[in-house]
Amino acid sequence: IIAVACSLSVDGGASWVGILNSDGIYRSDTEHWGDDAWVIPDSVYHPAVGRMIATKSGSCAVKVSDYIGCAYGTCYEDRSDAFFAVID
């Protein structure tokens, strides 16, 4: 794996929104590769609906996937083992 994409779902995994760097995080990016803190904002832009969506939800999940491989064939990914809630 050369680069990863990090995504958030607020609807139980039905749709995903890219978080952190939308261009993927590459192994050469020593500032972010391996350990990158991300504070969940109140809302995120969801390209499929063309607007901001609230992150407050009881069925949130995160996913890390192979940024390059998914575009060219085999896609490796790992998702949250369980849903979690984002509350005030």
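For the structure, check the block above.
Note on numbering: residues in each chain are counted from 1, in written sequence order. Reporting in this predicted model follows two pLDDT cut-offs: at least 70 for local features of residues, and 80 or more for side-chain atom pairs to be given and counted; totals over whole chains, interfaces and linings ignore these cut-offs and use all residues. With hydrogens and water set aside, each side-chain value is computed from the structure's full complement of heavy atoms.

Trainee: So what's going on with the overall build of the protein? Which residues, and what values?
Mentor: Along the protein, the regular secondary structure elements total one helix and eight strands. If you list the helices and strands of the protein from N to C, you get β-β-β-β-β-β-α-β-β. Reported as C-alpha extents along the three principal axes, the dimensions of the protein are approximately 35 × 30 × 30 Å. Looking at the protein as a whole, 28% of its 88 residues qualify as buried. The contact criterion used is simple: two residues touch if any of their non-hydrogen atoms lie within 4.5 Å. Sequence-distant contacts, at least 24 apart, represent 53% of the contacts inside the protein between residues at least 6 apart. For the accessible areas, the method is Shrake-Rupley and the probe is 1.4 Å, while residue cover comes only from the protein chains on display. In the structure as shown, the protein presents an accessible area of about 5,800 Å², 53% of it carried by carbon and sulfur atoms. This count recognises Lys and Arg as positive and Asp and Glu as negative, with His and chain-terminal groups excluded. Lys charges are placed at NZ, Arg charges at CZ, Asp charges at CG and Glu charges at CD. Distance from the positive charge centre (5 side chains) to the negative charge centre (12 side chains) of the protein: 8 Å. Where helices and strands are cited, they refer to DSSP runs of H or I of at least four residues and of E of at least two residues respectively, numbered from the N terminus. Here's how the labels work: a residue is buried when its accessible area is under 20% of the maximum for its type, exposed when over 50%, partly exposed in between, all with a 1.4 Å probe on protein chains only.

Trainee: Go over the pairing of strand β5 (residues 51–54), please, and point to the residues and values.
Mentor: Where strand β4 (residues 43–46) meets β5, four bridges bridge the pair, whose relative direction is antiparallel. In the strand pairing of β5, His46 is matched with Arg51. Note on pairing: two strands pair once DSSP finds at least 2 bridges between them. Once β4 ends, the chain turns through four residues before running back antiparallel as β5, passing Gly50 with a positive phi of about 70°.

Trainee: Report on the nonpolar core, specifying residues and quantitative values.
Mentor: Buried Ala, Val, Leu, Ile, Met, Phe, Trp, Tyr and Cys residues form a nonpolar core when they are joined through side-chain atoms within 4.5 Å. Of all hydrophobic cores here, the largest spans eleven residues; its members are Val4, Cys6, Leu8, Val10, Val17, Ile19, Ile25, Val44, Ile53, Cys60 and Val86. Looking at this core, the elements with two or more residues in it are β1 (3–9) and β2 (17–19). The element best represented in this core is β1, accounting for three residues.

Trainee: Go over the packing of aromatic side chains with me, naming the residues and quoting the values.
Mentor: Two rings from Phe, Tyr or Trp (for Trp, the six-membered ring) form a pair when their centres are within 6.5 Å of each other. A pair whose planes differ by under 30 degrees is stacked, one over 60 is edge-to-face, and the rest are tilted. One pass over the structure, following the stated rule, counts one aromatic pair. Residues Tyr26 and Tyr67 carry aromatic rings whose centres are separated by 6.3 Å and whose planes lie at 75° to one another, so their mutual orientation is edge-to-face. Here Tyr26 is found in strand β3 (residues 25–26), whereas its partner Tyr67 is found in the loop between β6 (57–66) and α1 (69–72), with 41 residues between them in sequence. Residue class for Tyr26 comes out partly exposed when judged on its relative accessible area of 33%.

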